[in-house]
Amino acid sequence: MRRTSLANSQTRYACGLSALTTDEPDMEAFAKAIALEAAAIDAGFALLFFSQSLVEASALSQALMTHAPALHHAGCSTAGEITPQGLEDGHVLAMLLPSPAFTAVSVMVENLSSSGMDRITGEVETLRRSLRARLGCDRTKGTFALCFIDGLSYAEEAVSSAIHWGLDDIPLLGGSAGDDLKFETTRLISNGKVTSDSAIIVLISTEIPFHVFKTDNFVPTDEKLVVTASDPDHRIVREFNATNAAQEYAASVGIVAQMLTPLSFASHPVVVKVGGQYYCRSIQKMHADGSLSFFCAIDDGVVLSIAQPKDMVESTRAALRDVEERLGGIDMILGFDCVLRRLDARNRQVFREISELYRVNNVIGFGTYGEQYRSMHLNQTFTGIAFGERQAAE
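All values derive from a computational prediction rather than experimental measurement.

S.K.: It is not clear to me how the packing of aromatic side chains should be interpreted in this structure. Could you clarify?
M.R.: Note on aromatic pairs: each is described by the distance of the centres and the angle between the planes. Going through the model one piece at a time under the given rule, you end up with 16 aromatic pairs. Taken together, the aromatic side chains of Phe49, Phe148, Phe336 and Phe366 make up a single cluster linked through ring pairs. Over the face of the ring belonging to tyrosine 373 we find lysine 214, whose NZ or CZ atom lies 6.0 Å from the ring centre.

In structure tokens:
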């Protein structure tokens, strides 16, 4: 029998996780490869991240249901992928979790725009009960939560907060689904369902040691922008400091307003102070009237500071070194990397160095429209979960 061509790459890690990637649009062949690898490592759950420029969500979902019907899965569309080879575009990535080492349960929360936050917290509590039943004990040590949200839903802050509320001390991280910077429609997939305006919550328990972390590469300056006119429901700022938003922002960063581009916003983010820490609040685009759309929640009276960049390569390397010391060695990292970091890396001509840094540290994941970290929704940040080797757990 002729053997079906496998995915472009297949990587098994010491902790038991396996990653498959392809840049071919043939989802039948890719799903067959996933099914073979799932059987080989006894995987019970798969995470999937895919470029809509390569494949439609429904084609991937249908192929998985046909060729791997018993494999539970969850995932979303991307704004770029992080494969075992580094930063890529136009790929599909599957991460398989072997059942002997990982127990995973998931739920899709649909119709976010009309969902009460109590409902989401309730879904989390139901999911926790489901995980307890699977484990046969009430163990939160060794458990983490992943969250994927429609990155065009305007709901990430409320959803992240509601999930975090229901998790107690279980760490949460994740990324907002993207659509290759088209800003039209993102897709989430879960066990045969394909939706937008939704979120997927995954609870995973493991005895493999892990560490949840985040890193960015900006420091606040004394230059302040106060939101004086906004449309919070659509994350649009019309005025900073009682002046046209684009003009005031451009003046603050030393650019003519007409010259503002996504690269300008990636290179000159603004930050907000919450609980003594600064978090990025990135600008998505400028409108014809000089108003600005944001990737994060915004409202009248919010005080933003213009941020200055630090060396992205060095700050990322330092963060990874810190994680390595905490874990006693990194086996692999599941990472959620803001698409604006990718744009900024290209702009500063360090894209190859960042890609290589991810490759040598075994980072896989995707480019996001926003990152979730504990109770916060962030921008221009890399959030990740690093796994140690299985031996360290024994």
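S.K.: Help me understand the pattern of salt bridges, please; the structure alone is not making it clear to me.
M.R.: Should their charged atoms come close, side chains of opposite charge can pair. What the rule picks out here adds up to 13 salt bridges. A salt bridge links arginine 128 to aspartate 168; the shortest N-O distance between them is 3.1 Å. Pair noted here: arginine 128 is in helix α3 (residues 117-135) and aspartate 168 is in the loop between α4 (156-167) and β10 (172-177), with a separation of 40 residues, a long-range link. We classify arginine 128 as buried; its relative accessible area is 13%. By relative accessible area, which is 54% here, aspartate 168 ends up exposed. Three or more residues are tied together by salt bridges with common partners; here these are Asp89, Arg342 and Arg346.

S.K.: Any chance you could explain the sheet that holds strand β14 (residues 210-215) here in plain terms?
M.R.: The strands that make up a sheet are held in pairs by hydrogen bonds between backbone atoms, and each pair lies either parallel or antiparallel. As summarised here, the arrangement of the six strands in space is β6-β5-β24-β23-β27-β14, forming an open sheet in which the pairing is mixed. This sheet does not close on itself; its edge strands, each paired only once, are β6 (86-88) and β14. Each strand of the sheet is rotated relative to its neighbour by a mean of 15 degrees, with strand direction disregarded. Its contacts with the sheet place helix α8 (residues 339-347) against β5 (81-83), β6, β14, β23 (332-338), β24 (363-368) and β27 (382-387), and it is angled at close to 80 degrees to β23. Where helix α9 (residues 351-360) meets the sheet, its contacts fall on β5, β6, β23, β24 and β27, and the angle it forms with β6 comes to roughly 120 degrees.

S.K.: Quick question: what am I supposed to make of the nonpolar core here?
M.R.: Among the nonpolar cores identified, the biggest contains 58 residues, and Leu146, Phe148, Phe240 and Tyr249 are the most heavily contacted of them. The greatest single-element share of this core, amounting to five residues, is contributed by helix α5 (residues 245-253). Core analysis: the next-biggest nonpolar cluster, separate from the first, contains 24 residues, Ile41, Ala43, Leu60 and Val92 among them.

The rules we used
Residues numbered from 1 in each chain as written. Predicted model: local features only at pLDDT ≥ 70, side-chain atom pairs only at ≥ 80, totals over all residues. Heavy atoms only, no water. Phe/Tyr/Trp six-rings, centres within 6.5 Å; stacked < 30°, edge-to-face > 60°. Lys NZ or Arg CZ within 6 Å of the ring centre and 35° of its normal. Salt bridge = Lys/Arg side-chain N within 4 Å of Asp/Glu carboxyl O. Helix = DSSP H or I, 4+ residues; strand = E, 2+ residues; numbered from the N terminus. Buried < 20%, exposed > 50% of the residue type's maximum accessible area, 1.4 Å probe, protein only. Pairing = 2+ DSSP bridges. Axes fitted to C-alpha atoms, helices over the stretch in contact; angles between N-to-C directions. Contact = heavy atoms within 4.5 Å. Core = buried A, V, L, I, M, F, W, Y, C linked by side-chain atoms within 4.5 Å.

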